[in-house]
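Spelled out, the chains give:
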Amino acid sequence: MAFTLPPLPYAYDALEPAIDKETMTIHHGKHHQAYVDKLNDAVAADASLADHSIEDLLAGISKLPKAVRNNGGGHWNHSLFWELLAPAGQGGEPSAELAAAIDADLGGMEKFQADFNAAGAAQFGSGWAWLIVQDGKLKVTSTPNQDNPLMDVADEQGAVVLGADVWEHAYYLKYQNRRPDYLKAFWGIVNWNKANELYAAAKG
Ligand SMILES: [Fe+2]
């Protein structure tokens with residue numbers, strides 16, 4: 001079974017003005033599509049990789065080819081990222097459970113957002129900022145390139161609750177070098193309903 005590009009769950013211009021239509025069109029239709037295509041090429045080249053879920057591949061990524069790490073990570077990260085965004089006003093609010101955990105584990109929403117943005121801004125080159133559940137507690141972390149906290153090579157492993165793509169391709173057309181401005185705008189289009197669902201599953 002080949003991996004496929006999931007459709008965006010909203011229109012390409014639905015996240016404006018936080019993320020512009022052209023960025024979303026290229027990001028989804030070109031960048032994410034390329035990860036899918038190259039992942040399929042890498043899996044097709046090695047019979048032992050056939051019929052594994054993407055999560056299975058990521059969990060054992062240290063033993064797999066670099067092309068699977070880069071493109072499998074790229075496919076999984078972006079598939080989730082689209083779902084973690086929603087048009088402004090449509091993403092709901094953190095659940096009582098998630099909000100309580102943010103208070104208890106991360107010092108409250110304001111400090112969490114500042115720490116998350118700092119993790120994203122400090123990630124050298126390309127990568128991702130993450131909110132994960134690790135040993136039952138929330139933690140803010142980041143990964144380089146298309147790595148993620150599901151990978152056995154990640155410094156901080158856990159279940160993802162929220163993630164932000166900090167590759168230049170995610171923001172450069174609108175924000176140029178101003179990654180912190182993009183991360184600030186990110187909070188206005190977070191799909192908390194999806195984050196709540198992921199948090200509940202991670203704790204379940
Ligand atoms: Fe991206």
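Scroll up a little and you will see the structure.
Counting restarts for each chain, with residues numbered from 1 along the sequence as it is written. Per-residue local features of the predicted model are confined to residues with pLDDT of at least 70, and side-chain atom pairs are confined, for both listing and counting, to 80 or more; whole-chain, interface and lining totals are unaffected and use all residues. Remark: hydrogens and water are excluded; side-chain values derive from all non-hydrogen atoms of the structure.

Draft legend 1. View of the packing of aromatic side chains. Here is the rule: rings of Phe, Tyr and Trp (six-membered ring for Trp) pair when centre to centre is within 6.5 Å. Planes less than 30 degrees apart are stacked, more than 60 are edge-to-face, and the remainder are tilted. In total, this model carries eleven aromatic pairs according to the counting rule given. When the centroid spacing of 5.7 Å and the interplanar angle of 45° are considered together, the rings of Phe81 and Trp82 count as tilted. The exposure class assigned to Trp82 is buried, which follows from its relative accessible area of 1%. Seen in terms of ring centroids, Phe186 and Trp187 are 5.2 Å apart; in terms of plane orientation they differ by 75°. Their pairing is edge-to-face. Burial status follows relative accessibility: with a 1.4 Å probe on protein chains alone, a residue under 20% of its type maximum counts as buried, one over 50% as exposed, and anything between as partly exposed.

Draft legend 2. The arrangement of the pattern of salt bridges in detail. Only one rule defines a salt bridge in this text: a Lys or Arg side-chain nitrogen within 4 Å of an Asp or Glu carboxyl oxygen. In the structure shown here, the tally under the stated rule is six salt bridges. Asp115 serves as the salt-bridge partner of Lys111, at 2.8 Å between the closest nitrogen and oxygen. You can see Lys111 and its partner Asp115 sitting in helix 5 (residues 109-122), four residues apart, about one turn around the helix. Exposure remark for Lys111: the relative accessible area of 46% places this residue in the partly exposed category. Given the relative accessible area of 32%, Asp115 is considered partly exposed. We note a salt bridge from Arg178 to Asp181, for which the minimum N-O separation is 3.2 Å. Ionic contacts of the salt-bridge type, sharing partners, join the residues Glu83, Lys194 and Glu197 into one network. Where helices and strands are cited, they refer to DSSP runs of H or I of at least four residues and of E of at least two residues respectively, numbered from the N terminus.

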